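# Structural overview
The residues making up each chain are set out below.
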Amino acid sequence: MTASLSTAPENRPGGQRAGRLLTTCFLAAAVLLLSACGTRSLGRAPVEDRGAGMGRAPVGAVDPASVKPLPGAENAGKPGYYTVKPGDTLIRIGLDTGQNWRDIGRWSNLENPNLIEVGQVLRVTPPVESSVAVSRPVTSSSVTPTPPAPASSAPATTSASAAKPATSAPSTPPAAASGGDDDVAWIWPAQGTVLAGFDEAKNKGMDIAGKTGDPVMASADGRVVYAGAGLRGYGNLIILKHNNTFLTAYAHNHTLLVKEDQSVRKGQKIAEMGASDADRVKLHFEIRKQGKPVDPAKFLPAK
């Protein structure tokens, strides 16, 4: 028993040193392992900080400073301005606002009228300077037919006879005032029967039957502001501007006989009836008041 205890390794002088050495090595290895793990953990940057030090925006983010505002955006919602919607063309905007599409392009400073963007804001009423310039010729033209006669006859008359033109002159302005933009002497643009009447939701005008080549006539004096096939659903189309209030549209024609900016007289043949962009030969006729479609039957004379 004594001999076995005296020969145990830990009781031997060399065994005690070996045990202490093993313990020391184990502790040193543990310290090195912990140190290595701690070093790797401290060396990694947090995920949320990646790129933050360089001032970079997160992936997919848009820098507000790089977004360029659309032309005219500062006028959105103001009277006299129109914000472009998907599917709009300058011709349709002109029809819907009662303006010449070329005028809208000029008022809005468009370099290319065929390139407009959704959200872009266009001016659809003339600037103050332009409206004055336009209104003067209209009023002067309505008055000039009467003043020249009294003016040319005044030098050859006595003072008593000169007083008569003075009394007749005031009678003309009320007549001109009563015959304003709303007072237009309309005629039927075609002689066929009515296929479909006005329906604010389904039909913005009336459809008149006919044969290919039948005459299409100007419903009132006016000026051609559009002649072409650039408006989907209308085929070969003519738009006349009669005054500051009324436009008329003549659609689905076979042949167009007038050009833009041409003046036409009431009853003048402006096109030949056809079936362009339509299911049959017919004339689709619209009257627009300030750009809004109205029932032509309320304006045309009874047949």
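Residues numbered from 1 in each chain as written. Predicted model: local features only at pLDDT ≥ 70, side-chain atom pairs only at ≥ 80, totals over all residues. Heavy atoms only, no water.

### Some thoughts on empty space enclosed by the protein
This structure, assessed with the given rule, holds one cavity of 30 Å³ or more. Considering only enclosed or pocket space, the largest cavity measures out at about 30 Å³ in volume. Around the largest cavity sit Ile 91, Gly 94, Leu 95, Gln 99, Trp 101, Val 225, Tyr 226 and Ile 239, which together line it. Secondary structure elements with two or more residues in the lining of the largest cavity: α3 (90-97) and β6 (222-228). Considering each element in turn, the lining of the largest cavity owes the most residues, three residues, to α3. Class assignment of the residues belonging to the lining of the largest cavity gives a composition of six nonpolar, two polar and no charged. (1 Å grid on protein atoms, 1.4 Å probe; cavity = no way out; pocket = protein on both sides within 12 Å on 5 of 7 lines; lining within 4 Å. Points joined across faces, edges and corners; volume = space filled by probe spheres on them. Helix = DSSP H or I, 4+ residues; strand = E, 2+ residues; numbered from the N terminus. Nonpolar A, V, L, I, M, F, W, Y, C, P; charged D, E, K, R; others polar.)

### Digging into the nonpolar core
Counting residues in hydrophobic clusters, the biggest one holds 25 residues, and the most contacted among them are Ile 238, Leu 240, Tyr 250, Ile 270 and Leu 283. Counting residues per element, the ones that place at least two in this core are β4 (206-209), β7 (236-241), β8 (246-256), β10 (269-273) and β11 (282-289). Leu 95, Trp 101, Tyr 234 and Leu 247 belong to the second-largest nonpolar core, a separate cluster that totals 21 residues. (Core = buried A, V, L, I, M, F, W, Y, C linked by side-chain atoms within 4.5 Å. Buried < 20%, exposed > 50% of the residue type's maximum accessible area, 1.4 Å probe, protein only.)

### What about the confidence of the model for the chain?
Looking at the chain as a whole, its pLDDT mean stands at 75, while 60% of the residues score no less than 70. A low-confidence stretch, residues 1-10 (pLDDT under 50), is modelled with six contacts involving residues beyond four sequence positions or located in other chains. Segment residues 41-55 is flagged for pLDDT under 50; beyond a separation of four residues in sequence, or across chains, it makes one contact in the model. (pLDDT = per-residue confidence, 0-100. Contact = heavy atoms within 4.5 Å.)

### Observations regarding the pattern of salt bridges
In total, this model carries eleven salt bridges according to the counting rule given. Between Lys 282 and Asp 207 there is a salt bridge, with its nearest N and O atoms 3.6 Å apart. Placement of Lys 282 in strand β11 and of Asp 207 in strand β4 is noted, with a sequence separation of 75 residues between them. Summarising the burial analysis for this pair, Lys 282 and Asp 207 share the class buried. (Salt bridge = Lys/Arg side-chain N within 4 Å of Asp/Glu carboxyl O.)

### Some thoughts on the environment of Ala 302
Note on placement: Ala 302 falls in the segment after β12 (292-294). Ala 302 gets classed as exposed once you look at its relative accessible area, which sits at 79%. Once the C-alpha coordinates of Ala 302 and Ile 187 are considered, the two residues, 115 residues apart in sequence, prove to be 9.5 Å apart.

### Quick word on the pairing of β10
Two elements, strand β5 (residues 215-217) and β10, share three bridges in a ladder whose sense is antiparallel. The residue bridging Pro 215 from the neighbouring strand is Glu 272, located in β10. Pairing of β8 with β10, which is carried by three bridges, proceeds in the antiparallel orientation. Residue pairing in the sheet places Leu 256 in a bridge with Ala 271 of β10. (Pairing = 2+ DSSP bridges.)

### Some remarks on α3
For α3, the tally of buried residues reaches six of eight residues, placing the bulk of the element in the interior. Listing the buried residues of α3 in full gives Leu 90, Ile 91, Ile 93, Gly 94, Leu 95 and Thr 97. Looking one or two places after α3, you find Gly 98, whose phi comes out positive at around 75°.

### A look at the pairing of β11
Taking burial as the measure, the eight residues of β11 include seven buried ones, the bulk of the element. Bridge analysis of β4 against β11 gives four bridges, and the strand direction is antiparallel. Following the sheet pairing, Asp 207 is matched in β11 by His 284.

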